[in-house]
Every structure is written in C-alpha cells, then in structure tokens.
Amino acid sequence: MGFNDLRDYLAALDKLGMLRVVESAEWDLEIGAISQMMQETEDNPVLLFDKIPGYPAGFRVLTNVQNSPRKQALALGLPTDLSDLEIARHMKDKRKETVLIPPREVASGPILENQDRGDKVNILKFPTPKWRTLEGGRYIGTTTLVINRDPDEGWVNMGTYRQMIHDEKTVGFFVEPHHHGMIIAKKYWARGKACPVVACYGQQVELFQASTGSSPWGKSELEVAGGMAGHPIDIVKGELTGLPIPAAAEIAIEGEVPPPEVDARTEGPYREWPGYYSQEPHPQPVIKIKAVYHRNDPILTGPHQNNRNISVGTITHAAIAVWDALEKSALPGIRGVWAHANGLFIVISLKQAFAGHAKMALLTAVGVRGSNSAYRYYVVVDEDIDPSNLNDVLWAMTTRCLPEEQIDIVRGTVSTRVDPIMSPEKRESWDLTCGRVLIDACKPWAWIEQFGKHMTFTPEYEKQIREKWAPILGKRR
Ligand SMILES: Cc1cc2nc3c(=O)[nH]c(=O)nc-3n(C[C@H](O)[C@H](O)[C@H](O)COP(=O)(O)O)c2cc1C
C-alpha cells in the first residue's frame, strides 16, 4: 500500500503509459512551455526532462505530475477508471479514514547519497527552469515541502511554500501570513532568532498531498502523509537543524530564515495559480542555505499546473474539504462537491429535504479552508445536476435561481496577495480580504412540486430504448 518514494510512483505511471521522457529541452522557458502545451493534449502525460543542456545527464525535472483526476487517483492508490466525481468521492472517503502515522527515524537514506556543506553549497547545481516569460527568477520551490518546528509546542509543521532562487546559497520564503509555517517563523523572529527550516524539492506524492492540504494547528502533516501512505515516512535527522528530512526525497536543504529586518529580498513576479502575474515584486524573507543533500540522478519536481488559464480539471483540496465538512455537519442528501477554476468556483449538489437546506450547505461551505486562500463563488444545485459538469451547473444557475432572493454576498473573508482582484492599496496595507458569492441554484423549495418538469423520458424508458435501438444509437457521448 502507498509508495515508498517518487520513483515508485513514476514506475506505476510508466506501466500505464502515462510517463514520457523528453531529452535536451532548455531550462530557460522551454521546459515550462512544453509542459504547458503538453497538458492541453489528450494524453497529458507526466513529463520527465533529462539531458538538460548545461547540466549532467540524470539531473532531471519532472512536470505535470498531478494535473488530472486520473493521475491523482493513481497517486493515492485509487482505481483510475472511475468518473471524476467518483474519484473525488473516494479521495474524500480516504481522507476521512486516514489515521495519523508518525514518521520513523532511520540512520541514513538515499537523500544522503550526496552532501554539500558550507562553501560547497550551490543550489544552482540543479537545472531549475525559468518556467514562464515574466517571472522574476528561477523558481526551484514550486511543489516543495517546507518543514519547521514550533519553538513553544515542539510539533513539526510541513507546508508547500514557493521559493525563487536569489543566489547560490539563498532562496526566497513566500508564505501567506495565516499559514502555519509563517506563524511559526514569526515566533523565532520575535525572539531575535532565525527560524531553522528544511525544504525538499522532489518527494513522494503522499508528502506533497499532505503538505498542500491544510491540517489543524498542532497536527503534523508528516503524520498525515504517513497515514495516506499506510506506513511511517522514513526520515533522517538534519544534523544542522535537528529537523526531519524525508529519507527518500530527491533534493533537500537545511537552512534558516533570518528575521526580515535582517534579510529580505525582492521576490517575484510569479505566474500565480489564478493565472496572472498578479503581485508586483515585493521584499520577502529568505532561506539561507547551510547544506544541500540529493540522491544520485536527482529529480526536481515542477509546478502543480502550468495552464494558461484555469480550466484544467483537477480534484482540489477545496472540493474534498467542503464535501467532508458538509458530511460532518450532518446535513443530509449531499450528492457531491466539485471545485472548478482551482477552487474559485465551488459547486455542491444535494437533494433538498427541508426549507433552508441549500442555504445551510452554502453557509457551511463558505467557512472551509482547502489549500488556497482565495475562494469566490459557491453554488448549490439539486441532485439531478452533476457538479463537475459546468454545462449542467450553468443550466441550473440560469433557470432555477431568482437573483434577488437566491444570491447573497458575504464580505470581508480571507483572501491572499496573489488574488488578481486585490487592489494595490489593499495589498500594500495587508488588508487581504475579499467577499464571496453564495448562489442557491436549487429549485425554490416552497413550490418545488410545481417547478416545471424537465425530464422528457423516464430513466427506465430511456434504458429500454437504448437497449432496443443500440445499433442505431451507438455509444453515448
Ligand atoms: C502547488 C501549490 C503551491 C502553493 N504555494 C504556496 C505558497 O507559495 N505560499 C503559501 O503560503 N501557500 C502556498 N500553497 C498553499 C499551502 O501549501 C497550503 O495552504 C497548506 O495547507 C499550508 O499549510 P500550513 O497551514 O500548515 O502552513 C500552495 C499550495 C499548492 C497546492
């Protein structure tokens, strides 16, 4: 059960014909461009770039790893031939069943095959791409893990926070103010100390899944990852920081983040997940790298998604977290939840059972945090609408929703610096809030029985005709 490292997962992808090796692509934009264009193809394979000009053969870059429900299903050991909504349901059930399994400390592991300290530290030894045209630098940390320890409570946090390379021994530390990694770093800074950190730039998929899903304060994502893998994550103890380093990771560093008044450097722009270079370059804290570790023939993992817009359908933490919260709230009749546009547009499908049912679902959903910090539209639809099908959802919104009665706006909710609609003034003053729209696109409960019927034929009759006229009707689209 589960994978032991990233290479196990690549072997499983290869078996299914979902992995493609690409040789001789340049780090400067070419790898990023090929990755973006390939994900728009029907195959959408995972891409492993090798023989990158200027770097030793075997120093590889992996992209398009988790950008389809099928790849996500495989990563979590779920069947890959289900509908997207069924895969989401399995992911939600799996998360609910996941127990915490603490990591296991081991004396050594593949991550220690190569070790550079002090003067030898040079993060530029890896073929980090410049992913997109206007980016302010080469981003090594795009699907990274950042690990730090709460100095008061002793527990270990893990989150995914991006990192731009500043020089051979320095990378950026871009963490939203409400994320645990930043709250912990500030505790060190308040005492005038640098915050020790470990970062990994290639690791098994369960670690990435746990790292990007928000866990309650005090609950270590390393233990969540162990639960997802079904066995403890092997870790070696970092000799400089005492922090855990996943023993089978591809590339890792140990370092420290000094208080921003001691060192902060201009970071960005970066093509943010909503699809824009929405933030102006800004001073951000940095990680001073003290040691670099890597496996032989290391694999650096690249951005979660390279898409031009936000149409690529993946099952996001937001969908799973909202679905889970709705079930925990004991609201009946939840058929499914889907998050379009990377979580900016969340759709809940349910079978209404009482007046106010749909509104309760919206109000429950609006308080849930998935992985992003920005959410915008929440739509609830009846049980006959597939929430993953935008055509169905638009049909419900345009035909079952009386705007003056069924749309509400909640103001002042948490958003993020990367939200493209955040004004420069709000960004400057760190007032990172933005409203959310709640749309009840269910048939009005008070007269649901009188609402126009839309079924032309009963499902039973349709089935009968499909069987009888199969040669004419052919396969369903
Ligand atoms: C691909 C990807 C990249 C992310 N990059 C960042 C980032 O640069 N900074 C950040 O604060 N959060 C980022 N996040 C979100 C956090 O990793 C996520 O909310 C996580 O749960 C935070 O964990 P924490 O609450 O333990 O700090 C990213 C998420 C994903 C999926």
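First things first, this report covers the structure right here in the doc. This is a predicted model, so every value here is computed, not measured.

For the rest of this paragraph, the subject is the sheet that holds strand β12 (residues 234-237). Strands sit in the order β4-β12-β13 across an open sheet of three strands; the sheet is mixed. The strands lining the two open edges of the sheet, one partner per strand, are β4 (104-105) and β13 (244-246). The sheet contact formed by β12 and β13 spans three bridges and is antiparallel. The residue of β13 that forms the bridge with Lys-237 is Pro-244.

Here we take up a nonpolar patch on the surface. Taken together, Phe-354, Met-360 and Trp-445 make up a surface patch of nonpolar side chains, about 270 Å² in accessible area. Of note, Trp-445 is situated in the loop between β22 (433-440) and α13 (459-468).

What follows concerns the pairing of β12. Both β4 and β12 contribute to a ladder of two bridges, which runs parallel. Each bridged residue has a counterpart across the sheet, and for Glu-105 the counterpart in β12 is Ile-235. Linking β12 back to β13 in an antiparallel pair, the connection comprises six residues, with Gly-242 at a positive phi of about 75°.

So, about the nonpolar core. The biggest cluster of nonpolar side chains holds 41 residues, and the ones touching the most others in it are Phe-49, Ile-123, Ile-140, Val-171, Phe-173, Tyr-201 and Ile-253. At the level of secondary structure, the elements contributing two or more residues to this core comprise α2 (30-38), β2 (46-50), β6 (139-141), β9 (163-167), α5 (180-190), β11 (195-200), β14 (251-257) and β16 (282-294). Counting residues per element, this core draws most heavily on α5, which supplies five residues. Sequence-distant contacts of Phe-173, defined by excluding residues within four places in its chain, comprise Val-146, Arg-162, Gly-181, Met-182, Ala-185, Val-197, Val-257, Gln-284, Pro-285, Val-286 and Ile-287. The next biggest cluster of nonpolar side chains, apart from the first, holds 34 residues, and it includes Leu-76, Val-366, Val-368 and Tyr-375.

Here we take up the environment of Ile-233. One can find Ile-233 in the loop between α7 (221-229) and β12. By relative accessible area, which is 2% here, Ile-233 ends up buried. Along the chain, Ile-233 and Arg-20 lie 213 residues apart, while their C-alpha atoms are 28 Å from each other. Not counting chain neighbours up to four residues away, the residues in contact with Ile-233 comprise Pro-103, Arg-104, Gln-204, Leu-207, Leu-222, Ala-225 and Gly-226.

Time to look at α2. Turn by turn, an α-helix covers 3.6 residues, leaving residues three or four places apart pointing in a common direction. Of all the positions in α2, only Ile-31, Gly-32, Ser-35, Gln-36 and Met-38 are classed as buried. Viewed along the axis of α2, the buried residues span an arc of 170°, placing them on a single side of the element. In this structure, the buried side of α2 is in contact with β1 (19-23), β2 and β3 (60-63).

Following both chains from N to C, one finds helix α4 (residues 84-97) and helix α8 (residues 317-328) inclined at 65°, their axes separated by 9 Å at the closest point. Crossing angle aside, the handedness with which α4 passes α8 is right-handed. On the side of α4, the interface is formed by Leu-85, Ala-88, Arg-89, Met-91, Lys-92, Arg-95 and Lys-96, while α8 contributes His-317, Ile-320, Ala-321, Trp-323, Asp-324 and Glu-327. Looking at the contact of α4 with α8, its residues break down into six nonpolar, one polar and six charged.

What follows is about the packing of helix α6 (residues 205-212) against α7. The interhelical angle for the contact between α6 and α7, taken along N-to-C directions, is 135°, at an axis separation of 8 Å. One element, α6, and the other, α7, form an angle in the oblique class. Crossing handedness for the pair α6 and α7: right-handed. Taking contact as the criterion, the partners of Glu-206, Leu-207, Gln-209 and Ala-210 in α6 are, on α7, Glu-221, Leu-222, Val-224, Ala-225, Met-228 and Ala-229.

What follows is about the packing of aromatic side chains. Tallying each qualifying case throughout the model produces eight aromatic pairs. Both rings, one in Phe-457 and one in Tyr-461, keep their centres 5.9 Å apart while their planes meet at 40°; by these two values the pair is tilted. Phe-457 sits in the partly exposed class, given a relative accessible area of 44%. Tyr-461 sits in the partly exposed class, given a relative accessible area of 38%. When the ring centre of Trp-27 is taken as origin, the NZ or CZ atom of Arg-138, which lies over that ring, is 3.5 Å away.

Cut-offs applied
Residues numbered from 1 in each chain as written. Predicted model: local features only at pLDDT ≥ 70, side-chain atom pairs only at ≥ 80, totals over all residues. Heavy atoms only, no water. Pairing = 2+ DSSP bridges. Helix = DSSP H or I, 4+ residues; strand = E, 2+ residues; numbered from the N terminus. Patch = residues over 30% accessible without salt bridge, like charges linked within 9 Å, V, L, I, M, F, W, Y side chains within 5 Å. Areas by Shrake-Rupley, 256 points an atom, 1.4 Å probe, with all protein chains shown as cover. Salt bridge = Lys/Arg side-chain N within 4 Å of Asp/Glu carboxyl O. Core = buried A, V, L, I, M, F, W, Y, C linked by side-chain atoms within 4.5 Å. Buried < 20%, exposed > 50% of the residue type's maximum accessible area, 1.4 Å probe, protein only. Contact = heavy atoms within 4.5 Å. Arc of directions from axis to C-beta. Axes fitted to C-alpha atoms, helices over the stretch in contact; angles between N-to-C directions. Left-handed = near helix turned anticlockwise from the far one by under 90°. Nonpolar A, V, L, I, M, F, W, Y, C, P; charged D, E, K, R; others polar. Parallel < 35°, antiparallel > 145°, perpendicular 65-115°, else oblique. Phe/Tyr/Trp six-rings, centres within 6.5 Å; stacked < 30°, edge-to-face > 60°. Lys NZ or Arg CZ within 6 Å of the ring centre and 35° of its normal.

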